[in-house]
Amino acid sequence: MTTRRDFIKKTTTGTAAVTLGSMVFPSWANARILGANDQINCAVIGIRSRGKAHVLAIHQDPNAKILYSCDVDDKILEEHNTWCKKHIGYVPKVEKDFRKVLEDKDVDAIFIATPEHWHAPMAIMGLQAGKHVYVEKPCSHNPYENDLLLAARNRYGKNVQMGNQQRSAKTSKMAIEDIKKGVIGNVFKGEAYYSNNRGSIGHGKLMDVPKTLDWELWQGPAPREDYRDNIHPYNWHWFRNWGTGEIHNNGTHEIDICRWALGVDLPETVTAFGGKYTYDDDWEYPDNQQVTYSFPGNKFITWTSHSRGIMKPERPGRGITIYGSKGVMELSRNFYKLYGLDGKLLKQEDEATISATLNTQGIGGLDVDHVANFFNAIRKDASLNSDIRDASVSTMLCHLGNMAYDAGHTIEIDTQTGKVLNSEKAMQSWKRDYENGWEPKL
């Protein structure tokens, strides 16, 4: 990553504006300087599912307040207002257009839980407007946005944390420290897996846009498509125009922990197998997939996903296994287990609070810890557990998995830039097409 990091370091801090959707925000126009004990005012953008986990985590901080709930669907906003009254005791202000939220100088931090095609563009606009940013994984829809977001982070100087919340798990931190101490010897393999039993999404039928939904703003940077009945509010994950497939939707978490445990950066080669095997429907990504990443030092990571078919009835739905020359570690959001080479359990540590692993909200104690770390970075300049510079590398691995699948052969990677060296077809996915007037630019 030397080249990329050098590029970011050399990005000049200045007052350039980000333009997106015909709106321009002068740099730092809305920044508030916070002291160590000041209240942090937040806006949660995208509040149907994952955003609720953000709300609950923010609410745990007595000196944090949610000023805005933001979503493009009135129906979702109305439901969320009722939910907020019940779970946090008050109803934040409501806004459908996040750009108006960014104009409010009282907002210190934004939490982004929108469809993935909005993650990087919205994060960049938030930074340019002087806001700290907590962005759900993946932090980008394509590698081009990865680089752009990193450059924006460096230019505007605010904190950016990605929502791979297992980085804040006490048991995972303990496991990484044990690895550094040599408890399982020389680590060489990380195994990441996920299985679920998602049903068919059918074949979408054209229909009028619901009156409650701002379909234009929902699409934002993405090239325009007619509204169909199987996209909003969740199945966009499986369409290339807006989502990034299961490897990003869930694999980002497990692949990230494997990379952390092995101490690796970008891979040398990536091989992907898989396909769409279960239903005849509009799903555009593989629903079952195997990806192998090889790294310098003879280390490798595997990602195995069964989106539509449980892997093994007796096996947890997701997790990580780290292999070393002297032992094995099993990790999840909720525990750390250490085994000898003979398979004997030597040690087990559990999280104090259980986090959900397979539902769409993923609410749990790790959200509280991850958001607390984000707030400590804002107030006290503490180190982020998932600073966007490092988190973007794990996001890049997921992009490379999709690119290798599309290429249909093993791809060779420039470990300094992440670019594919031996496949023009794979590199066609480096940058997406944007709707006219909506492309993010520094």
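Calculation rules
- Residues numbered from 1 in each chain as written.
- Predicted model: local features only at pLDDT ≥ 70, side-chain atom pairs only at ≥ 80, totals over all residues.
- Heavy atoms only, no water.
- Axes fitted to C-alpha atoms, helices over the stretch in contact; angles between N-to-C directions.
- Helix = DSSP H or I, 4+ residues; strand = E, 2+ residues; numbered from the N terminus.
- Parallel < 35°, antiparallel > 145°, perpendicular 65-115°, else oblique.
- Contact = heavy atoms within 4.5 Å.
- Phe/Tyr/Trp six-rings, centres within 6.5 Å; stacked < 30°, edge-to-face > 60°.
- Lys NZ or Arg CZ within 6 Å of the ring centre and 35° of its normal.
- Disulfide = S-S within 2.5 Å.
- Core = buried A, V, L, I, M, F, W, Y, C linked by side-chain atoms within 4.5 Å.
- Buried < 20%, exposed > 50% of the residue type's maximum accessible area, 1.4 Å probe, protein only.
- Polar contact = N/O pair within 3.5 Å; in protein donor to acceptor, adjacent residues only side chain to side chain.
- Pairing = 2+ DSSP bridges.
- Salt bridge = Lys/Arg side-chain N within 4 Å of Asp/Glu carboxyl O.

Under the annotation held in an unreviewed UniProt entry, the chain carries the name Gfo/Idh/MocA family oxidoreductase and is attributed to Flagellimonas profundi.

Quick notes on the packing of helix H5 (residues 119-128) against helix H6 (residues 143-156)
The contact between H5 and H6 brings their axes to 9 Å, and the two run at 10 degrees. By the angle between their axes, H5 is roughly parallel relative to H6. Judged by residue contacts, Ala120, Pro121, Ala123, Ile124, Leu127 and Gln128 of H5 engage Glu145, Leu148, Leu149, Ala152, Arg153 and Tyr156 from H6.

Regarding the packing of aromatic side chains
Aromatic ring pairs are described here by two measures, namely the spacing of the ring centres and the angle between the planes. Scanning the entire structure with this criterion turns up 14 aromatic pairs. Among the aromatic residues, those joined into a cluster by ring pairs are Trp215, Trp218, Tyr227, Phe239 and Trp242. Here the guanidinium or amino end of lysine 431 rests over the ring plane of tyrosine 144, the centre of that ring lying 4.4 Å away.

Re the state of the cysteines
A complete count under the given rule lists zero disulfides for this structure. Between cysteine 139, a cysteine without a disulfide, and cysteine 398, which holds the nearest cysteine sulfur, the sulfur-to-sulfur distance is 9.7 Å.

Considerations on the nonpolar core
Among the nonpolar cores identified, the biggest contains 47 residues, and Phe98, Ile110, Val133, Trp218, Trp242 and Ile388 are the most heavily contacted of them. Beyond its immediate stretch of four places on either side in the chain, isoleucine 110 contacts Ala43, Ile45, Leu102, Met122, Gly126, Lys131, His132, Val133 and Tyr134. The next biggest cluster of nonpolar side chains, apart from the first, holds 41 residues, and it includes Val270, Tyr336, Met396 and Leu397.

Section: the environment of proline 223
Here proline 223 is to be found in the loop between helix H8 (215-219) and helix H9 (246-249). Distance from proline 223 to glycine 364, taken between C-alpha atoms, is 35 Å for residues 141 residues apart in sequence. In contact with proline 223, not counting residues within four places along its chain, are Asn241, Arg432, Asp433, Tyr434 and Glu435.

Describing the side chain of arginine 308
For arginine 308, the position within the fold is in the loop between strand E12 (299-306) and strand E13 (318-324). Within polar-contact distance, the side chain of arginine 308 engages the backbone oxygen of glycine 199 at 3.5 Å. Looking at arginine 308, its side chain comes within polar contact range of the side chain of aspartate 281, at 2.6 Å.

Examining the pairing of strand E3 (residues 40-45)
Most of E3 is tucked away: six of the six residues are buried. Residues Ile40, Cys42 and Val44 of E3 are buried on one face, and the alternating residues Asn41, Ala43 and Ile45, pointing to the opposite face, are buried as well. Where E3 lies against strand E4 (residues 64-70), six bridges are found, and the strand directions are parallel. For isoleucine 40, the partnering residue across the bridge sits in E4 and is alanine 64. As paired elements, E3 and strand E6 (residues 109-112) share four bridges and run parallel to each other. Looking across to E6, one finds that alanine 43 is bridged to isoleucine 110.

Describing the pattern of salt bridges
When their charged atoms lie close together, side chains carrying opposite charge are able to pair. Evaluation of the coordinates by the stated rule reveals 25 salt bridges. When the shortest N-O distance is used, the salt bridge between glutamate 177 and lysine 180 registers 3.8 Å. Here lysine 180 and glutamate 177 lie together in helix H7 (residues 170-180), a separation of three residues that amounts to about one turn. On the accessibility criterion, lysine 180 (63% relative accessible area) is exposed.

Things to note about H5
Summarising burial for H5: 10 of the 10 residues are buried, a large majority. Of the residues making up H5, those classed as buried are His119, Ala120, Pro121, Met122, Ala123, Ile124, Met125, Gly126, Leu127 and Gln128. One or two steps after H5, the chain reaches glycine 130, where phi turns positive at roughly 85 degrees.

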